[in-house]
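Each chain, written out:
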Amino acid sequence: MTCVVDDAVQRSSPFWGEHGLAFLIESEAERVLFDTGQSGTVLLHNLELLDVDPATIDALAISHAHYDHTGGLPALLEHVSPGTPLYANPDLFRERLSRREGEPQAVGLSVTREALAAHLTLCLNAAAQEILPRLWTTGEITERPEPEGGSDYHLMREGDSLVADAYRDDMALVLQTGERLVLLCGCCHAGLLNTLAHVERAFERPIAVISGGLHLTSATLDDLQHITDVLSAMPALQRVYPNHCTGEAAFVALTQVLGPSIVRAYSAGTVLEF
Ligand SMILES: [Fe+2]
Ligand SMILES: [Fe+2]
């Protein structure tokens, strides 16, 4: 599992960084790209450094519509093999906006459904989908009793109006390793604890590894305390590799409670093997 694009890069690394995320998941025979970063420029540069020809990618999966996860798609389309499957939630194509000040800005997909369908095989499903043997999408995180990983300025189009983004499109990937699960998050807008509960319920195994963007930037100190309590009580949890939108305060809080189980530096070029 290689981090291809992240907000951070290691000192002197030849990889390029940008606010965004992309991962490559490889088995002995197959390759899946999960998210595409913010730009084709960074994505294609980093794939080239990893010696990965995009034409050899067997499947794409998209965590959610936001530009920092889908911005590399238009450039990637010119390089992937025709008919490559793309796994995502059907709500991926809804218009998404961000309103911090002034007029709302578009922050969703920069490529139309028709353009994607012309190049790729769209596998859109709110239920969990098997991408490769042992590699699944989580499907939609429908039960959300815990706080979501949202931001007040995220909006979506519903009919003629703009409403708070419900993040129905948000999903993560799950890798089954023996009796344990590895969770790979995009932005975790559905909420980290909601996602963890959904995955352990749906896949009936304990989670050993959590990685990716955990979107805890808007979490309060009480939220962080609650999250660290829950993670501390997860009997099989061995490692957490937070990156992208996790947030500095969350990283510090997690490290204070969980110590060396929290690993920094899951940035572009880092490889995890399972
Ligand atoms: Fe996002
Ligand atoms: Fe993100």
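Thresholds, definitions, all that
- Residues numbered from 1 in each chain as written.
- Chains lettered and ligands numbered in written order.
- Predicted model: local features only at pLDDT ≥ 70, side-chain atom pairs only at ≥ 80, totals over all residues.
- Heavy atoms only, no water.
- Helix = DSSP H or I, 4+ residues; strand = E, 2+ residues; numbered from the N terminus.
- Rg over C-alpha atoms; globule rule 2.2 N^0.38 Å.
- Buried < 20%, exposed > 50% of the residue type's maximum accessible area, 1.4 Å probe, protein only.
- Contact = heavy atoms within 4.5 Å.
- Phe/Tyr/Trp six-rings, centres within 6.5 Å; stacked < 30°, edge-to-face > 60°.
- Lys NZ or Arg CZ within 6 Å of the ring centre and 35° of its normal.
- Donors = N, O, S within 2.8 Å, 3.2 Å for Na, K, Ca; no water.
- Tetrahedral: all angles 85-135°; square planar, octahedral: opposite > 155°, others 65-115°.

Draft legend 1. Expanded view of the overall build of the protein. Along its length, the protein carries seven helices and 16 strands. Relative to a compact globule of 274 residues, whose C-alpha radius of gyration would be 19 Å, the protein shows 17 Å and is just as compact. Seen through its principal axes, the protein has C-alpha atoms that stretch 50 × 45 × 40 Å. Taken over 274 residues, the protein has a buried fraction of 52%. Within the protein, contacts between residues separated by at least 24 positions form 72% of all contacts whose residues are at least 6 apart in sequence.

Draft legend 2. Looking closely at the packing of aromatic side chains. Within the structure shown, the criterion is met by three aromatic pairs. A connected cluster of aromatic rings, assembled from ring pairs, spans Phe23, Tyr241 and Tyr266. Over the face of the ring belonging to Tyr153 we find Arg100, whose NZ or CZ atom lies 4.0 Å from the ring centre. One Lys or Arg, Arg264, reaches over the ring of Phe251 and ends 3.9 Å from the middle of that ring.

Draft legend 3. Seen up close, the coordination of the iron ion (ligand 2). Donor atoms from the polypeptide that bind the iron ion (ligand 2) are Asp68 (OD), His69 (NE2), Cys187 (SG) and His244 (NE2), placed at 2.1 to 2.2 Å. Coordination at the iron ion (ligand 2) comes from four donor atoms whose angles at the metal span 85 to 161°, giving a geometry best classed as irregular. Along the chain, the residues that donate to the iron ion (ligand 2) are spaced as D-H-x117-C-x56-H. A separation of 3.6 Å is found between the iron ion (ligand 2) and the iron ion (ligand 1). Taken as a pair, Asp68 in helix H2 (residues 67-70) and Cys187 in the loop between strand S14 (180-185) and helix H5 (192-203) lie far apart in primary sequence, 119 residues in all. You'll find Asp68 and Cys187 in the same group, each marked buried.

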